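Tertiary structure, described
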Amino acid sequence: QQQVKQSPQSLIVQKGGISIINCAYENTAFDYFPWYQQFPGKGPALLIAIRPDVSEKKEGRFTISFNKSAKQFSLHIMDSQPGDSATYFCAASKGGSTLGRLYFGRGTQLTVWP
Amino acid sequence: DVKVTQSSRYLVKRTGEKVFLECVQDMDHENMFWYRQDPGLGLRLIYFSYDVKMKEKGDIPEGYSVSREKKERFSLILESASTNQTSMYLCASGIYGYTFGSGTRLTVV
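How each quantity is defined
- All residue numbers refer to positions counted from 1 along the written sequence of the respective chain.
- By the order in which they are written, chains take letters starting at A while ligands take numbers starting at 1.
- The predicted origin of the model limits local features to residues at a pLDDT of at least 70 and limits the giving and counting of side-chain atom pairs to 80 or more, whereas totals for whole chains, interfaces and linings rest on all residues.
- Here the side-chain values reflect all heavy atoms present in the structure, with hydrogen atoms and water set aside.
- Only one rule defines a salt bridge in this text: a Lys or Arg side-chain nitrogen within 4 Å of an Asp or Glu carboxyl oxygen.
- Note on conventions: DSSP H or I runs of at least 4 residues are helices, E runs of at least 2 residues are strands, and numbering of each starts at the N terminus.
- Each residue gets one of three labels from its accessible area relative to the maximum for its type: buried under 20%, exposed over 50%, partly exposed in between, using a 1.4 Å probe on protein chains only.
- Following DSSP output, two strands are said to pair if at least two bridges run between them.
- Whenever a helix is involved, its axis is fitted only over the stretch in contact; in every case the axis is a line through C-alpha atoms, and angles between N-to-C directions fall within 0 to 180 degrees.
- Paired rings are identified among Phe, Tyr and Trp, the last through its six-membered ring, by centres lying within 6.5 Å, and are further divided according to the angle between planes into stacked (under 30 degrees), edge-to-face (over 60) and tilted (the rest).
- Counting of polar contacts relies on pairs of N or O atoms within 3.5 Å, with two restrictions inside protein: one atom must be capable of donating a hydrogen and the other of accepting it, and residues adjacent in sequence are counted only when both atoms are side-chain atoms.
- Throughout, a residue-residue contact means that at least one pair of heavy atoms, one from each residue, lies within 4.5 Å.

**Quick notes on the pattern of salt bridges**
All names here are of chain A.
- Considering all chains together, one arrives at 10 salt bridges over all chains under this definition.
- The partner of lysine 71 in a salt bridge is glutamate 26, with the nearest N and O atoms 3.4 Å apart. Note that lysine 71 is positioned in the loop between β7 (62-67) and β8 (72-77) and glutamate 26 in the loop between β3 (19-25) and β4 (33-38), a separation of 45 residues in sequence.
- Accessibility expressed as a relative area gives 59% for glutamate 26, which makes it exposed.
- For arginine 61, the salt bridge is made with aspartate 84, and the minimal N-O distance between the two is 2.8 Å. Of this pair, arginine 61 sits in the loop between β6 (56-59) and β7 while aspartate 84 sits in the loop between β8 and β9 (86-93), and the two are 23 residues apart along the sequence.

Put into structure tokens, the structure is as follows:
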């Protein structure tokens, strides 16, 4: 049973456009929602993260929108650039005995055309 | 800068071999994790450890074991490698926001 569902599996966006990746979860105990960015040949790197007490978090061109009632969160990449082409993973985590274990979505391969 | 170092970037092993994948972190983290990454399946947790000599099974532990003798080192062991274990293996450490290593691409022939 997949704890975090991510869509789309792949995304092609024109340079300067907005990239949107969506994730959904069921477990209301999740209290931390990070996004990871992975370039070919590299491990995933933490991009941005949000906790459920806020609805939006922005860092540069990257924004997480969080809808607690719908149990959904999304990553928006404004003014997308070819250098943003990568695989993006959403994730969720809860405290307690699992001590921050992350449950990952299956990833979205983003391609930004120049 | 914090680091998670995986000892090998590429490995080719024969079916039936015992394989050791090593991971070292320099951040004094309690928690360490082993994932495998396959196209279309994302990141799947094999094992994790939240203390020295402590380990817990993840979602796909079959065919794997782990060792954590020291806080900074977490090893993944393939007891008898099989072709379906050909994959990218990623080590991570931390709580909430993980730091990942660069991965080991293992091919079993």
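Having seen the model, we can carry on.
**A word on the sheet that holds β3 of chain A**
Residue and element names in this part refer to chain A.
- Reading across the sheet, the 5 strands line up as β1-β3-β8-β7-β6 and stay open at both edges, with antiparallel pairing between neighbours. The sheet terminates laterally at β1 (4-7) and β6, the two strands that pair on one side only. Strand after strand, the sheet turns through a mean of 15° between neighbouring axes, direction not considered.
- Relative to β3, β1 runs antiparallel, the two being bridged by 4 bridges. For lysine 5, the partnering residue across the bridge sits in β3 and is alanine 24.

**With respect to the packing of aromatic side chains**
- All told, the structure shown has 21 aromatic pairs over all chains when counted by the stated rule.
- With a centroid separation of 6.2 Å and 55° between ring planes, the pair formed by tyrosine 25 of chain A and phenylalanine 73 of chain A is classed as tilted. Of the two residues, tyrosine 25 of chain A is situated in strand β3 and phenylalanine 73 of chain A in strand β8; the sequence distance between them amounts to 48 residues.
- Among the aromatic residues, those joined into a ring-pair cluster are Tyr36, Phe89 and Phe104 of chain A together with Phe33, Tyr35, Phe48, Tyr98 and Phe100 of chain B.

**Comments concerning the side chain of glutamine 6 of chain B**
All names here are of chain B.
- Tracing the sequence through the fold places glutamine 6 in strand β1 (residues 4-6).
- Engagement of the side chain of glutamine 6 in a polar contact is seen with the backbone oxygen of tyrosine 89, the distance being 3.0 Å.
- Once residues lying within four places of it in the same chain are set aside, the contact partners of glutamine 6 are Glu22, Trp34, Tyr89, Leu90, Cys91, Gly101, Ser102, Gly103 and Thr104.

**Some points on the environment of threonine 15 of chain B**
- Note that threonine 15 of chain B resides in the loop between β2 (10-13) and β3 (19-21).
- Once residues lying within four places of it in the same chain are set aside, the contact partners of threonine 15 of chain B are Ala81, Thr83, Val108 and Val109 of chain B.

Function cannot be inferred from these measures alone, as they are strictly geometric.
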